[in-house]
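Letter by letter, the chains look like this.
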Amino acid sequence: QVQLAESGGDLVHTGGSLRLSCVASGLTFSGHAMGWFRQVPDKEREFVAAIMWNDDSTYYADSVRGRFTISRDINKATVYLQMNSLKPEDEADYYCAVDTRGKYFKAQWYEYDYWGQGTRVVVSS
């Protein structure tokens, strides 16, 4: 059974930093894409960043490129999202997800088949 567990969400001031973690279990990592998405009330889930498990290639939304960094620790089966220079518009519930069915990067949330429960990031101005 695949399980994803996020942590690291918190209240931070504008310009601050946070690191989110996502621990995966029950997965046989092979070419999977793991992604971070975020969502605010009444809006569709939004792609933030993704990493390919097999070759470490990374992808970012334009809104976070240069401020956020996604990385993985194979031994810990963990994906991280380092978020720097946070802005009020980054405030959201952040979700970790994995696409076990494809071997190429996809930015659409509906392409990902397993999700964590989410962790909340609050950015105060």
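Just so it is clear, the model here is predicted, and its values are computed rather than measured.

S.K.: Can you tell me about the pairing of strand 7 (residues 68–73), naming the residues and giving the values?
M.R.: Relative to strand 8 (residues 78–83), strand 7 runs antiparallel, the two sharing six bridges. Within strand 8, the position partnered with F68 by the bridge is M83. Counting the residues in the hairpin turn of strand 7 and strand 8 gives four residues, including A77, whose phi is positive at 50 degrees.

S.K.: Let's hear about the environment of V23: which residues, and what values?
M.R.: Tracing the backbone through its elements, the reader meets V23 in strand 3 (residues 18–25). Judged by relative accessible area, which is 42%, V23 ranks as partly exposed. Apart from residues lying up to four places away in sequence, V23 is in contact with Q3, L4, A5, K76, A77 and T78.

S.K.: Could you give me a rundown of the state of the cysteines, with the residues and numbers involved?
M.R.: Scanning the model with the defined rule gives one disulfide in all. The disulfide bridge from C22 ends at C96, spanning 2.0 Å between sulfur atoms. Disulfide C22-C96: torsion about the S-S bond near -75 degrees, hence left-handed. You can see C22 sitting in strand 3 and its partner C96 sitting in strand 9 (residues 92–99), a full 74 residues away along the chain. With relative accessibility at 0%, the residue C96 sits in the buried group.

S.K.: So what's going on with the side chain of D90? Residues and values would help.
M.R.: Summarising the element assignment, D90 is placed in the loop between strand 8 and strand 9. Assessed through its relative accessible area of 0%, D90 is described here as buried. A polar contact is formed between the side chain of D90 and the side chain of R38, at a distance of 2.9 Å. In contact with D90, other than residues within four places in its own chain, are R38, R67, F68, S85, V121 and V123.

Cut-offs used in this document
Residues numbered from 1 in each chain as written. Predicted model: local features only at pLDDT ≥ 70, side-chain atom pairs only at ≥ 80, totals over all residues. Heavy atoms only, no water. Pairing = 2+ DSSP bridges. Helix = DSSP H or I, 4+ residues; strand = E, 2+ residues; numbered from the N terminus. Buried < 20%, exposed > 50% of the residue type's maximum accessible area, 1.4 Å probe, protein only. Contact = heavy atoms within 4.5 Å. Disulfide = S-S within 2.5 Å. Polar contact = N/O pair within 3.5 Å; in protein donor to acceptor, adjacent residues only side chain to side chain.

Functional significance is not addressed by these values, which are geometric in nature.
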